[in-house]
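Below are the chains, spelled out letter by letter.
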Amino acid sequence: MIDPPVLERHGLTPDEYDRIVQFLGREPNPTELGIFSVMWSEHCSYKSSRVHLKTLPSDGPQVLQGPGENAGAVDIGDGLAAVFKIESHNHPSFIEPYQGAATGVGGIIRDIFTMGARPIALLNSLRFGPLESRGTRRLVEGVVAGIAGYGNSIGIPTVGGEISFEPSYADNPLVNVFCLGIARASDIVKGVASGAGNPVYYVGAKTGRDGIHGATMASAEFDEKSADKRPAVQVGDPFMEKLLLEACLEVMRTDALVGIQDMGAAGLTCSTTEMGSRGGAGVEIDVALVPQRETGMTPYEIMLSESQERMLLVVKRGRENEVERIFDKWDLHAVHIGQVTADGMLRVKDRGQVVAEIPNRALTDEAPLYERPMTEPAYVAEAQKLDLDALDCLAEASTLEDLGALDRSAKAFALHSVADGRARGLQPGDLNSVLLSILGSPTVASKRWVYRQYDHMVRTNTINPPGLGAGVVRIKATDRALAMSVDGNGRYCYLDPYRGAMLAVAEAARNVACAGARPLGATNCLNFGNPERPAIMWQFARAVEGIGAACRALDVPITGGNVSLYNETDGRAIYPTPTIGVVGLLERADHVVSRRFQEAGDAVILLGDSRGELGGSEYLKVMHDLVRGMPPALDLDVEHRLQTLLVTLAAERLMRSAHDCSDGGLAVTVAECCFDTSRIGVEISIDRVQVARESRMNVCAALFGESASRVVVSVVPDDVIAVLERAAAADVPARVVGRTGGERLRMGVGGQIVIDQSVDDAERVWSTAIEQYVAKRVA
Amino acid sequence: MRFGIAVFPGSNCDEDAFHAARDVLGQDAEYLWHKDADLKGADVVILPGGFAHGDYLRTGAMARFSPIMTEVRAFADRGGPVLGICNGFQILLESGLLPGAMLRNRGLKYRCEHVHLRVEQIDTPFTSAARAGQVLRIPIGHGEGNYFAPSEMLQRIEANRQVILRYADPEGRLDDAWNPNGSANAIAGLCNEARNVVGMMPHPERACEALLGSVDGRAIFDSIVGAFRSADQPSPRLRRSAMASAEAERLALQPSVVGAAGNRHPSLSMGRSASLSAGRSR
């Protein structure tokens, strides 16, 4: 019997150990114990999440590959498939931000080319603590540099993404990376091992001691000793990955390959087991043949290493030379380390001596499955209460500190107008300070400082670069383009995980539709705390239900994804954060639409209804430091009709710009439409909403409320009637709220102008806020 | 004409250059694998961007030992036009085909964005379709593009009019705030003394189609196609053009730009109309 401390180090419970003994009919040896421990870790086995994930919709005529493979795939016409997936690298990125993020990018790229697809675009979704903290700035700089260092080198553009900042991520940043590739639909390759006697090849970087038990680390909470886990973080080599990418794609163009899989989490163990399991076969390898970077490595270490940039291939017998020649061309050495067997066993030898022998099924299909208890946490009911009457809409912005990122002249002006506003009721410009404060909040502010570190143009396909809405890449040799967006809102999900998760799906799909693309499919990355706590499990289950409901209603099946649990430090969990990536198809690349106003004199139309919903809003957070209330309501039928309308308007070239209303509400959305446009201003006038007794709070709710299913579009005056008609036919509320022109942002509520601000000043606040925070480190 | 595009294992802009040459310009294009000592009859050689051999030592430091580079050097010595873009520029510096070196960007961060370039010299095969003083909007994407040369070398380069592109503001004025990487003398592009070998950090192949946001990179490609068209044998033609001073070209082109240029280089009018349409694009 193995010591309890040894079991604990392996993250296995006594019950799980008993199960292992049952499967084997004997005690496992240390190597076998290591293999079970990584394969049964939460990260590899999804033991807590599987029962819930099974409820997600994953079918549709467009789906070519659903969950269970290295990535999902949807049909994009012309015989082509879009292959995509999102994955987290949260735990490693906290411990070593540069390498953690870089290897996250490397891992997701391998998942995509493993499917036979050439990766053509990356996105990322990042969550950090407040930028005021020096520790956060170090993490942000490291993570961004790591993503850039890997993606830029290998030559895959990072075409978009999102970043937000909340205290709950301070000790558990989230690094979710999405990759999309293109393959011929008929040439999709799978991660299967089949055909007894077919040789198994190892190719890529040598195996070292790095990353041993990475999957186990990602399946535990952090505590004060977490920094000591640095050896469990891997080191990336993008050049090696580039060689692997080109060589593997070249091998796939022959038909000499049976299956292929990258060695990601749990390395050689996971790839051998999963390939065998998918093919209904066994795999036998000899670890002594595995190329090693260090001397004296044990079978245990070789099987569990998570050294990066390694692939496992099953090749048709008799075709070995062909495959080896291709790898030679790329200066890679493909090593024959074993063969496929018919007995369904994972058999590991060391110089011919069997050192581990485990039925594949015990490691995969028969891995533990838990229906963990769940309870709605007590905080929820309390946090959902929001008394707007108790708030003074101007109160919080009365000191310099409140205005954080604003420059001096903007601050002086803002303070002046606040003091004035108190004395005499709202006057033109009084809410300028509120708008500027929200525009300067890092979550809303321009992410240019980040995305200009990413090569977003390589491969010359990027037609909507980062910062303009969904990332859009054209597909060369066709008329088409693909739009993609990743979105999530931890604050909403904290307040109501069901509604928050639905809103995340809706927002990602809406962003894709705003570019003019029809949403086709989705991938999800589910970031949560410790599932052994019933409150966390409740958040998880509710969020998955929300995702399922939204994906069904919007017809975006989930084709794959990843779950990251145990995002906790010292018992404090992150906000529940499902991140959703949606991919859509644009029939004509040159019909792509961005958020930017195009010309003065265009009509500004608001699609959707404003209900002044401030629950969980950026306004409450920035101006009142509150995370309270119910997230905005979402009517999925309305949302679906809105998205269909957007695709129609783009195809008929009736809208010149389209921007989804999200963080910061209508006022921020309209302001953003003016940015990066050579200063096209706007004047809008909207109705009051009735949500509080205080009239000024009602004005704020109208401007900064975050009601869902709304989009601001600009339209040539001659097309206004046509757009309103299309909207009426689609049963989507639409009204003309203003027109573009001038060099100011002028916004009126209930007939009174309350924001009157030069576009230049607003844009300066918005575009430099993050740089100013980052620069503080030096100051 | 035939473009030869070198492919090192870590090249990642090779397909982009190929696409620009073949699909956008309608020319022949061939990939030149770094292990092959064969230019496949190329009339012009492009060393594309990327990170040729991983560049863990220094950017471009290993690529110069590739068999293909022996051929490229001989081709350049014969007067053949060679264009190094980004990492290709770094390789040309490491190979000694161009003077100077690259340091990490001022600010130490990779930068990817559109910049403005002022065309300084038009008597090279890669700038002949541009106007001297013309401002081109072309993207950069690099972490090590901070051009450095010792002061004597820098003086010699300037005296020989080897600086062909400088970072500038949108109106073409030199201003340190518009120098994205800290390059000495705001140098973005450089030619050798014989003027047939050109290196530039910005990526003209990323600015050849309106859909991508700029067509100003066409000026670079149209130049080489035009230079090839005006002579059966590119090299003597190139030497002649080297003798014509930028000032003379500017005077000749000024009054009626498109007409005069159209006569001199058949390709020029195409480049210019492309630039104009970019200015109009909404």
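Our subject is the structure that appears above.
The paragraphs below set out a description of the structure included in this document. (Residues numbered from 1 in each chain as written. Chains lettered and ligands numbered in written order. Predicted model: local features only at pLDDT ≥ 70, side-chain atom pairs only at ≥ 80, totals over all residues. Heavy atoms only, no water.)

**A word on the pattern of salt bridges**
- Applying the stated criterion across every chain, the model contains 72 salt bridges over all chains.
- A:R26 is the salt-bridge partner of A:E32, the closest N and O atoms lying 2.8 Å from each other.
- With a relative accessible area of 34%, A:R26 lands in the partly exposed category.
- Residue A:D262 is joined to A:R110 by a salt bridge in which the shortest nitrogen-to-oxygen separation is 3.2 Å. On the criterion of sequence distance, the pair formed by A:D262 in strand 8 (residues 257-262) and A:R110 in helix 7 (residues 97-113) is long-range, its members being 152 residues apart. Exposure class is identical for A:D262 and A:R110. Each is buried.
- When salt bridges that share partners are traced, they join A:R118, A:K242, A:E246, A:R459 and B:E15 into one network. (Salt bridge = Lys/Arg side-chain N within 4 Å of Asp/Glu carboxyl O. Buried < 20%, exposed > 50% of the residue type's maximum accessible area, 1.4 Å probe, protein only. Helix = DSSP H or I, 4+ residues; strand = E, 2+ residues; numbered from the N terminus.)

**What to know about the packing of helix 3 (residues 30-39) of chain A against helix 11 (residues 267-279) of chain A**
All names here are of chain A.
- Contact geometry of helix 3 with helix 11 gives a least axis separation of 10 Å together with a crossing angle of 75 degrees. By the angle between their axes, helix 3 is roughly perpendicular relative to helix 11. Between helix 3 and helix 11, the contacting residues are I35, V38 and M39 on the first element and T269, C270, T273 and E274 on the second.
- Looking at the contact of helix 3 with helix 11 residue by residue, the classes come out as four nonpolar, two polar and one charged. (Axes fitted to C-alpha atoms, helices over the stretch in contact; angles between N-to-C directions. Parallel < 35°, antiparallel > 145°, perpendicular 65-115°, else oblique. Contact = heavy atoms within 4.5 Å. Nonpolar A, V, L, I, M, F, W, Y, C, P; charged D, E, K, R; others polar.)

**Examining the interface of chain B and chain A**
- Tallying the contact residues gives 28 residues for chain B and 36 residues for chain A.
- Buried surface at the junction of chain B and chain A, summed over both partners, amounts to about 2700 Å²; 56% is from carbon and sulfur atoms.
- A salt bridge links A:D331 to B:K35, with the nearest nitrogen and oxygen atoms 2.9 Å apart.
- For the pair chain B and chain A, the number of links is 13 residue pairs in polar contact (both at pLDDT 80 or more).
- When residues in the side of chain B that touches chain A are grouped by element, the largest group, four residues, is from strand 6 (residues 111-119) of chain B. (Buried area = accessible area lost by both parts, 1.4 Å probe. Polar contact = N/O pair within 3.5 Å; in protein donor to acceptor, adjacent residues only side chain to side chain.)

**Remarks on the sheet that holds strand 11 (residues 335-341) of chain A**
Residue and element names in this part refer to chain A.
- Pairing is mixed across the open sheet formed by seven strands, whose spatial order is 8-10-7-11-9-12-13. In the strand order of this sheet, the two ends are held by strand 8 and strand 13 (353-359), each with one partner. This sheet shows a mean twist of 20 degrees between the axes of neighbouring strands, independent of strand direction.
- Relative to strand 11, strand 7 (residues 199-204) runs antiparallel, the two sharing four bridges. (Pairing = 2+ DSSP bridges.)

**Comments concerning the pairing of strand 10 (residues 310-315) of chain A**
Residues and elements named next belong to chain A.
- The buried count for strand 10 comes to six of six residues, which makes it a mostly enclosed element.
- Relative to strand 10, strand 7 runs antiparallel, the two being bridged by five bridges. Looking across to strand 10, one finds that V200 is bridged to V314.
- Taken together, the five bridges between strand 8 and strand 10 define a ladder with antiparallel strand orientation. Directly across from I260, in strand 10, lies its bridge partner L313.

**Notes on the pairing of strand 9 (residues 282-286) of chain A**
Residues and elements named next belong to chain A.
- With respect to burial, strand 9 is a largely interior element, five of its five residues being buried.
- With burial as the criterion, each face of strand 9 is covered, one bearing G282, E284 and D286 and the other bearing V283 and I285.
- Two strands pair when backbone bridges link them, and strand 9 and strand 11 are joined in this way by four bridges, in the antiparallel orientation. Bridge assignment links E284 to a residue of strand 11, and that residue is Q339.
- Pairing analysis gives four bridges linking strand 9 to strand 12 (residues 345-350), with the strands arranged parallel.

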